[in-house]
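The lines below spell out each chain.
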Amino acid sequence: MTRLTAIALALIAVIYLVCCSIGLTWGLPSRDVDTYLFGEQTPWSGETIYALAHADKKFDASRGADVDPDPIDKSTGQPVHLTQTKSDIAKIYLRYRLFTHQPDEMITMMALAGMKPGQLQFDPKLYQYGGLFIYPVGALIKLCGLLGLIEVRGDVVYYLDHPDEFGKFYIVARAYAAAWGLLGICVVFAIARRISSDAAGVVSAALFAIMPVVICMAHEGKPHLPGAVLMLCAVYFAMRAITSTRWSWWFMCVCCGAAVGMVLSSAPILILIPLVCVTQYIGCAAGKKDSPKQETITRSHAVLRTITGIVVAMTVYLITNPYILINTITNRAVLRSNFGNSLAMYDISRIGEGFVRVIELTVEGATWVLCLGGVIALIAGLCRKRWIALPLLISAGIFFLQFVLIGAGKPAEYGRFGIFTNSALAIGTGCVVASFWHSRARGLVITMTLLAIVSVGIKGAIYLNHFYADTTTEHSRAKLAQALTINAKTYFSQGKPSVIALPAEPAPYNCPPLNFSQIDMVLYPPGTPFMIHEANAPDAWIQVVDTIQGEPIESAKLNALPHEALTTWTTTPFGGAGVKNMASPISWADKPFILYSRPRDSN
């Protein structure tokens with residue numbers, strides 16, 4: 001590596017860190033929303049919320065940490081009133097005091113809250129997020145507490161009274177996830193360099209650092225970015241193992257196990273273990289050795305090594321997730337609870353629809369520039385028989401297929417599952433660009449390279465802008481709450497409680513903060529149509545908007561409404577192509593909302 005290359009990588013790392021720091025505190029719980037939650041009333045105390053919400057019953061030895069202890073029965077197909085009792089209202093207020101604007105971040109905190117370190121009970125009861133994510137986040141929170149940076153105590157009531165302090169826990173989780181991106185920059189450079197050149201490595205690393213899906217996942221306390229980085233590490237060592245020593249092989253196996261130990265959806269990366277063995281065997285059988293250090297391997301040796309490699313990977317996984325093995329023997333109920341809840345969200349069906357949806361999400365997460373560059377790189381690699389890139393091509397293809405199988409009907413946030421495939425597209429684009437670096441038209445190539453980086457950077461900047469906006473008082477949820485408060489006479493009937501319909505239980509991510517004790521919140525399960533002139537029709541309907549499709553995520557309930565009889569209001573301009581291009585649909589930061597309200601009349 002030359003000094004210029006090292007400087008370029010350092011600059012990319014600095015730019016990445018700056019991007020991570022912008023908007024890192026987005027969507028955190030805060031007492032600032034009490035104005036909307038309680039109006040002119042005295043805000044409920046943490047003790048009151050804790051007691052009325054029965055928060056002490058949230059944890060059960062046989063229930064997964066992400067499983068609702070008191071789920072609403074939506075099978076009746078009838079509207080469900082959510083604010084009939086003080087207990088119902090307290091459960092909503094609890095979410096606004098402890099949850100963020102991201103729907104999944106809280107499950108890590110619930111996993112940590114259910115542990116009892118004093119009794120040596122460290123079962124997270126959450127297994128789709130691996131121990132390599134949950135335990136380090138817990139340890140870092142404890143460390144910050146010891147350093148006096150965070151108030152760490154086992155008193156939930158304290159955090160209900162001081163939600164801003166609890167919000168610091170989420171910052172730790174986000175910082176931990178973002179830190180893995182630095183390693184990602186290095187390993188993306190190393191992979192592209194091994195396939196092509198230093199120039200390819202620098203361009204690939206730059207594209208990775210500013211890619212929209214990377215920017216997004218570096219701002220969320222979730223394990224998908226760390227998992228993708230560990231998978232890239234496995235790919236790098238797999239490439240080395242094909243042409244180098246056995247140490248690279250063992251490092252690859254460890255990285256495969258660690259990736260699954262970070263997030264369970266990384267499991268397909270285990271395909272690298274048999275792939276490398278088969279590639280080594282075919283190379284030896286054909287009498288090809290790309291390096292004097294390359295081992296000679298027979299068929300039986302290849303089979304034995306494959307089995308051993310899988311055992312090593314699974315051992316690493318179980319070391320980082322010991323309660324998988326322990327609960328298989330002692331508490332299978334909690335495994336069924338957690339895995340059952342996770343599997344219920346994924347349905348392998350409608351493959352064609354899934355393919356189209358995944359293409360949309362891949363373009364959103366990586367941009368058209370990287371998609372086009374990645375496809376060109378795939379074709380060029382196959383034509384030139386660049387077998388050194390085989391581990392990257394095969395593993396990225398497997399993850400793309402997995403994404404397609406579960407992609408049908410998924411909202412834009414599922415774009416996070418494409419982060420590994422998108423990283424492969426960035427590497428491919430870097431290699432394609434670098435292949436023309438020493439051509440006669442070098443000036444043109446450099447210009448095209450800079451344009452590609454700028455194009456990806458602009459889309460990444462749009463995501464950053466939304467994260468930053470969500471740290472201010474002008475984010476979409478606050479704007480909608482202000483509108484509903486100031487213009488209540490426009491949206492709601494007078495002389496009776498206001499009725500607002502939602503497709504899900506109100507939480508900070510899907511509903512603006514409102515005075516829930518004064519509003520009749522109604523959940524309309526799927527398949528529950530209502531007519532605008534029915535006596536029990538709600539005054540308004542609030543819904544999150546999926547800005548890729550340009551329509552609400554769940555619009556089935558609105559199909560029965562005469563839309564021309566409704567007035568609509570959105571927190572951002574809605575419906576134009578320009579709006580879609582300026583949106584950040586994979587992220588929940590500054591998420592667009594749409595409000596359907598029926599016009600007021602004399603009746």
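Just above, that's the structure.
What counts, and at which threshold
Residues numbered from 1 in each chain as written. Predicted model: local features only at pLDDT ≥ 70, side-chain atom pairs only at ≥ 80, totals over all residues. Heavy atoms only, no water. Helix = DSSP H or I, 4+ residues; strand = E, 2+ residues; numbered from the N terminus. Buried < 20%, exposed > 50% of the residue type's maximum accessible area, 1.4 Å probe, protein only. Contact = heavy atoms within 4.5 Å. Expected span 1.5 Å × (residues − 1). Phe/Tyr/Trp six-rings, centres within 6.5 Å; stacked < 30°, edge-to-face > 60°. Lys NZ or Arg CZ within 6 Å of the ring centre and 35° of its normal. Core = buried A, V, L, I, M, F, W, Y, C linked by side-chain atoms within 4.5 Å. Pairing = 2+ DSSP bridges. 1 Å grid on protein atoms, 1.4 Å probe; cavity = no way out; pocket = protein on both sides within 12 Å on 5 of 7 lines; lining within 4 Å. Points joined across faces, edges and corners; volume = space filled by probe spheres on them. Nonpolar A, V, L, I, M, F, W, Y, C, P; charged D, E, K, R; others polar. Polar contact = N/O pair within 3.5 Å; in protein donor to acceptor, adjacent residues only side chain to side chain. Axes fitted to C-alpha atoms, helices over the stretch in contact; angles between N-to-C directions. Parallel < 35°, antiparallel > 145°, perpendicular 65-115°, else oblique.

Asker: It is not clear to me how the environment of Asn321 should be interpreted in this structure. Could you clarify?
Answerer: In this fold, Asn321 is placed in the loop between α14 (299-320) and α15 (322-330). What makes Asn321 buried here is its relative accessible area of 6%. In this structure, the C-alpha to C-alpha distance between Asn321 and Tyr129, residues 192 residues apart in sequence, is 9.7 Å. For Asn321, the residues in contact, after removing those within four places along its chain, are Gly130, Gly131 and Gly261.

Asker: What should I look at first to understand helix α6 (residues 131-146) in this one?
Answerer: Helical geometry: 3.6 residues make up each α-helical turn, so side chains three or four residues apart lie on a common side. Relative to the 22 Å expected for 16 residues at 1.5 Å per residue, α6 spans 22 Å between its end C-alpha atoms, a close match to the ideal helical length. Within the span of α6, buried status applies to Gly131, Phe133, Ile134, Val137, Ile141 and Cys144. On its buried side, α6 packs onto α5 (105-113), α8 (163-195), α12 (246-262) and α14. Just past α6, the residue Gly148 takes up positive phi, approximately 80 degrees.

Asker: Would you take a moment to explain unusual backbone geometry for this structure?
Answerer: For residues that are not glycine, phi is negative in most cases, and the peptide bond is trans in most cases. Of note, His54 is a non-glycine position whose phi angle comes to about 55 degrees, a positive value. Position of His54 relative to the elements: it lies in the loop between α3 (46-52) and β1 (80-81). Despite not being glycine, Lys125 shows a phi value in the positive range, around 55 degrees.

Asker: What is the right way to read the packing of aromatic side chains from this model?
Answerer: The geometry of an aromatic ring pair is captured by the separation of the ring centres together with the interplanar angle, meaning the angle of the planes. Per the counting criterion, the structure on display carries 23 aromatic pairs. Here the aromatic rings of Phe166 and Tyr170 are separated by 5.6 Å at their centres, their planes lie at 80 degrees, and the arrangement is edge-to-face. Placement of the pair is Phe166 and Tyr170 together in helix α8, with a separation of 4 residues, close to one helical turn. Given the relative accessible area of 12%, Phe166 is considered buried. By relative accessible area, Tyr170 is classed as buried at 1%. Its end group placed over the ring of Tyr414, Lys410 keeps NZ or CZ at 5.6 Å from the ring centre.

Asker: Just to check I follow, could you spell out the nonpolar core for this structure?
Answerer: Nonpolar side chains tend to gather and get buried jointly when the protein is soluble and globular. Ranked by size, the top nonpolar core spans 153 residues in total, and within it Ile191, Met252, Ile269 and Phe516 carry the most contacts. Ranked by the residues each element gives to this core, the list is headed by α8, at 17 residues. Excluding residues within four positions of it along the chain, Ile191 makes contact with Leu232, Val235, Tyr236, Met239, Leu392 and Ile427. In terms of nonpolar packing, the next biggest core, distinct from the first, is built from 8 residues, Val499, Val522, Trp541 and Ile594 among them.

Asker: It is not clear to me how the pairing of strand β3 (residues 519-523) should be interpreted in this structure. Could you clarify?
Answerer: The side chains of a regular strand alternate between the sheet's two faces. Among the 5 residues in β3, 5 count as buried, and that is most of the element. Alternating positions in β3 separate into two faces, Ile519, Met521 and Leu523 on one and Asp520 and Val522 on the other, with burial throughout. The pairing of β1 with β3 spans 2 bridges and is classified as antiparallel. By the bridge assignment for β3, Val80 is matched with Leu523.

Asker: Whenever I open this one, the layout of surface pockets confuses me. Can you help?
Answerer: Estimates place the volume of the second largest pocket at around 850 Å³. Lining the second largest pocket are 36 residues, with Gly374, Val375, Ala377, Leu378 and Leu393 positioned closest to its centre. Put simply, the parts of the chain that give the lining of the second largest pocket at least two residues each are α17 (351-384), α18 (390-405) and α19 (419-435). For the lining of the second largest pocket, the leading source of residues is α17, giving 16 residues. For the lining of the second largest pocket, the per-class residue count stands at 26 nonpolar, 8 polar and 2 charged.

Asker: Looking at this structure, how should I read the side chain of Glu105?
Answerer: Of note, Glu105 is situated in helix α5. Classification of Glu105 as buried rests on a relative accessible area of 1%. Only 2.8 Å separates the side chain of Glu105 from the side chain of Thr100, close enough to count as a polar contact. One polar contact links Glu105 to Arg174, side chain to side chain, over a distance of 2.8 Å. The contacts of Glu105, once residues within four sequence positions are left out, are Thr100, Tyr170, Arg174, His219, Glu220, Gly221 and Lys222.

Asker: Just checking my understanding: could you explain the packing of α5 against α8 for this structure?
Answerer: The description of two packed helices rests on the angle between their axes and on the distance between the axes. Across the interface, α5 lies against α8 with an axial gap of 11 Å and an inter-helix angle of 105 degrees. The angle between the axes of α5 and α8 places the two elements in the roughly perpendicular class. Residues Glu105, Met106 and Met109 of α5 form the contact with α8, whose own contacting residues are Phe166, Phe169, Tyr170, Ala173 and Arg174. Its residues placed into classes, the contact of α5 with α8 shows 6 nonpolar, no polar and 2 charged.

Asker: Looking at this structure, how should I read the environment of Ala366?
Answerer: Note on placement: Ala366 falls in helix α17. For Ala366, a relative accessible area of 0% gives the class buried. Separated by 159 residues in the primary sequence, Ala366 and Leu207 place their C-alpha atoms 9.1 Å from one another. Not counting chain neighbours up to four residues away, the residues in contact with Ala366 comprise Met211, Asn422, Leu425 and Val456.

Scope: geometric values only; no functional claims are made or implied.
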